[in-house]
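Each chain is listed here by its residues.
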Amino acid sequence: MVVANERASKVLRVLIENYLENGMPVSSSAIVKSAGLGVSASTVRNVLSELESLGLVMSPHTSAGRIPTALGYRFFVDNILQVKPIIGAEMRRIQHVVERAKGNNELLDNTTQALSKLTSMCSLVGLPRKNEVVIERVQFVPIAETRVLVIFVLSNGEIQNRLLNIENAQQLKQLDRASAFINEHFSGLTPAQTRQHLLRLLNEDRAKIDGAMRSAIDVADQALMANHDEGNIVVSGQSHLFDIEWQGDMDKLRAIFDAFTEKRSFLNLLDRCLAADQFQLFIGEESGFDELQNCSIVAAPYEINGKRVGVLAVIGPTRMDYRRVIPLVDITAKMLTSTLNP
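The rules behind these values
- Residues numbered from 1 in each chain as written.
- Predicted model: local features only at pLDDT ≥ 70, side-chain atom pairs only at ≥ 80, totals over all residues.
- Heavy atoms only, no water.
- Helix = DSSP H or I, 4+ residues; strand = E, 2+ residues; numbered from the N terminus.
- Buried < 20%, exposed > 50% of the residue type's maximum accessible area, 1.4 Å probe, protein only.
- Contact = heavy atoms within 4.5 Å.
- Areas by Shrake-Rupley, 256 points an atom, 1.4 Å probe, with all protein chains shown as cover.
- Pairing = 2+ DSSP bridges.
- Axes fitted to C-alpha atoms, helices over the stretch in contact; angles between N-to-C directions.
- Polar contact = N/O pair within 3.5 Å; in protein donor to acceptor, adjacent residues only side chain to side chain.
- Core = buried A, V, L, I, M, F, W, Y, C linked by side-chain atoms within 4.5 Å.
- Phe/Tyr/Trp six-rings, centres within 6.5 Å; stacked < 30°, edge-to-face > 60°.
- Lys NZ or Arg CZ within 6 Å of the ring centre and 35° of its normal.
- Expected span 1.5 Å × (residues − 1).
- Arc of directions from axis to C-beta.

1. Some details on the overall build of the chain
Line of reasoning, step 1. Scanning the chain from N- to C-terminus turns up 13 helices and 10 strands.
Line of reasoning, step 2. Every one of the 342 residues in the chain was classed for burial, and the buried ones make up 47%.
Line of reasoning, step 3. For the chain, long-range pairs separated by at least 24 residues make up 61% of all intrachain contacts whose partners lie at least 6 apart in sequence.
Line of reasoning, step 4. Within the structure as shown, the chain displays about 16900 Å² of accessible surface, and the carbon and sulfur contribution to it stands at 46%.

In structure tokens:
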């Protein structure tokens, strides 16, 4: 969409900046005082009427002032916005959080909490799916005659343990062979890829593998199947959602909390951002959630071993300070990437 002229663009900028600061409908006289356009209030009213016909601003109820629409915010962000540099205190606060975390899970959890506090918004992060990270090493540790602890060392630094029951002690004797075989042939593959190869091996090359080894590989397959995960999210600052104007429709807010519990919907939304090289912004219904029509989502991906594996995001009102929030989310995601890839 193209705003008719530079004057209209300036009027829209002043209106949105004024509304972001005060949260009140902006009158033509207020724009005249702020814009320095050297034109009358009647001229500004004509420009506002033009912007309203384009769907960029609207008049709430019977107010003489106007507020931006989701389309107006989109034009503002894409064509007018100049982001603010992150101040040193904010940078140090984020850096302190990522540097003191012990382990990746604590890192992601603490980062969402810090981002929520810095933005006063709900913050969430999509955890790397186990089928997105690769296995560096597998180890089998017998702990009883019919029980074995399977240890997966993953490329994201995480160590996953699975406790399995086995049929007989004969399997225990072959577990070292099985782990050596897996580490030699399948190291560097995702758990899903490793399981796929093992199943094909068992189905196609049964004659080349003795019975005891087949039994041990079957134990490995059980562990890999238990390791499968469809993804998860960590959420912080949900209480900030109560600060958003829901226009009396609390069913929408309840639906969002239900989506956090169910998780799959938000995981699908975050997955849409994985293909992007930089931050993504969803304003209002752009997210695909009817419940979020009064919200905006700023999201940015983070990487492990050169691959985008998760997304960090904040959910706030459409009336958010985009100039500050966008660079905050973006730089925090970059810090995550740096810390996860020492």
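2. Here we look at the sheet that holds strand β4 (residues 135–144)
Line of reasoning, step 1. Pairing within the open sheet is antiparallel, and its three strands lie in the order β4-β5-β6. Only two strands of the sheet have a single neighbouring strand rather than two, namely β4 and β6 (159–165). Strand-to-strand twist in this sheet, taken as the mean axis angle between neighbours without regard to direction, amounts to 20°.
Line of reasoning, step 2. Pairing between strand β5 (residues 147–154) and β6: seven bridges, direction antiparallel. Across the sheet, the residue bridging to Phe152 is Gln160, located in β6.
Line of reasoning, step 3. Packing against the sheet, helix α8 (residues 175–186) makes contact with β4 and β5, and its axis sits at approximately 175° to β4.

3. Section: helix α4 (residues 70–79)
For an α-helix the count is 3.6 residues per turn, leaving residues at separations of three or four pointing the same way.
Line of reasoning, step 1. Looking only at α4, the buried set comprises Gly72, Tyr73, Arg74, Phe75, Phe76 and Val77.
Line of reasoning, step 2. Packing partners of the buried residues in α4 comprise α1 (6–22), β2 (67–68), β8 (280–283) and α13 (322–340).

4. A short note on the side chain of Arg74
Line of reasoning, step 1. With respect to the element layout, Arg74 can be found in helix α4.
Line of reasoning, step 2. For Arg74, the side chain forms a polar contact with the main-chain oxygen of Leu281, separated by 2.7 Å.
Line of reasoning, step 3. Those residues in contact with Arg74 that sit more than four places away from it in its chain are Leu281, Phe282, Ile283 and Glu286.

5. Focus on the sheet that holds strand β9 (residues 295–304)
Line of reasoning, step 1. One open sheet accounts for five strands, arranged β7-β3-β10-β9-β8; its pairing is antiparallel. The outermost strands of the open sheet, each flanked by one partner alone, are β7 (233–236) and β8. If you compare each strand with its neighbour and ignore which way they point, the axes differ by 15° on average.
Line of reasoning, step 2. Two strands pair when backbone bridges link them, and strand β3 (residues 122–126) and strand β10 (residues 307–317) are joined in this way by four bridges, in the antiparallel orientation. Within the sheet, the bridge partner assigned to Cys122 lies in β10 and is Ile315.
Line of reasoning, step 3. Across the sheet, α13 is in contact with β8, β9 and β10; its angle to β9 comes to roughly 20°.

6. Side note on the nonpolar core
Line of reasoning, step 1. Core analysis: the biggest nonpolar cluster contains 48 residues, and Leu12, Ile31, Leu51, Val77, Val298 and Tyr322 have the highest contact counts within it.
Line of reasoning, step 2. When residues of this core are assigned to their parent elements, the largest contribution, eight residues, is made by α1.
Line of reasoning, step 3. In contact with Leu12, not counting residues within four places along its chain, are Leu51, Leu56, Val57, Gly72, Phe75 and Ile80.
Line of reasoning, step 4. Core analysis: the second largest hydrophobic core is formed by 25 residues, Ile233, Ile256, Leu270 and Leu274 among them.

7. Quick notes on the packing of aromatic side chains
Line of reasoning, step 1. Across all of its chains, the model carries one aromatic pair by this definition.
Line of reasoning, step 2. Ring geometry for Tyr73 versus Tyr322: centroids 5.7 Å apart, planes at 50°, classification tilted. With Tyr73 in helix α4 and Tyr322 in helix α13, this pair connects stretches of sequence that are 249 residues apart. For the pair Tyr73 and Tyr322, one class covers both residues: buried.
Line of reasoning, step 3. Above the plane of the ring of Tyr19 lies Arg319, whose end atom (NZ or CZ) is 5.8 Å from the centre.

8. Quick notes on helix α5 (residues 88–100)
Line of reasoning, step 1. Along its 13 residues, α5 runs 18 Å from first to last C-alpha, staying within 8% of the 18 Å computed at 1.5 Å per residue.
Line of reasoning, step 2. Among all positions in α5, only Glu90, Ile94, Val97 and Val98 are buried. On an axial view of α5, the arc spanned by its buried residues comes to 90°, and they lie on one face. Turned more than 90 degrees away from the buried face of α5, the exposed residues are Arg92, Glu99 and Arg100.
Line of reasoning, step 3. Check the buried side of α5 and you find it contacts α6 (104–119) and α13.

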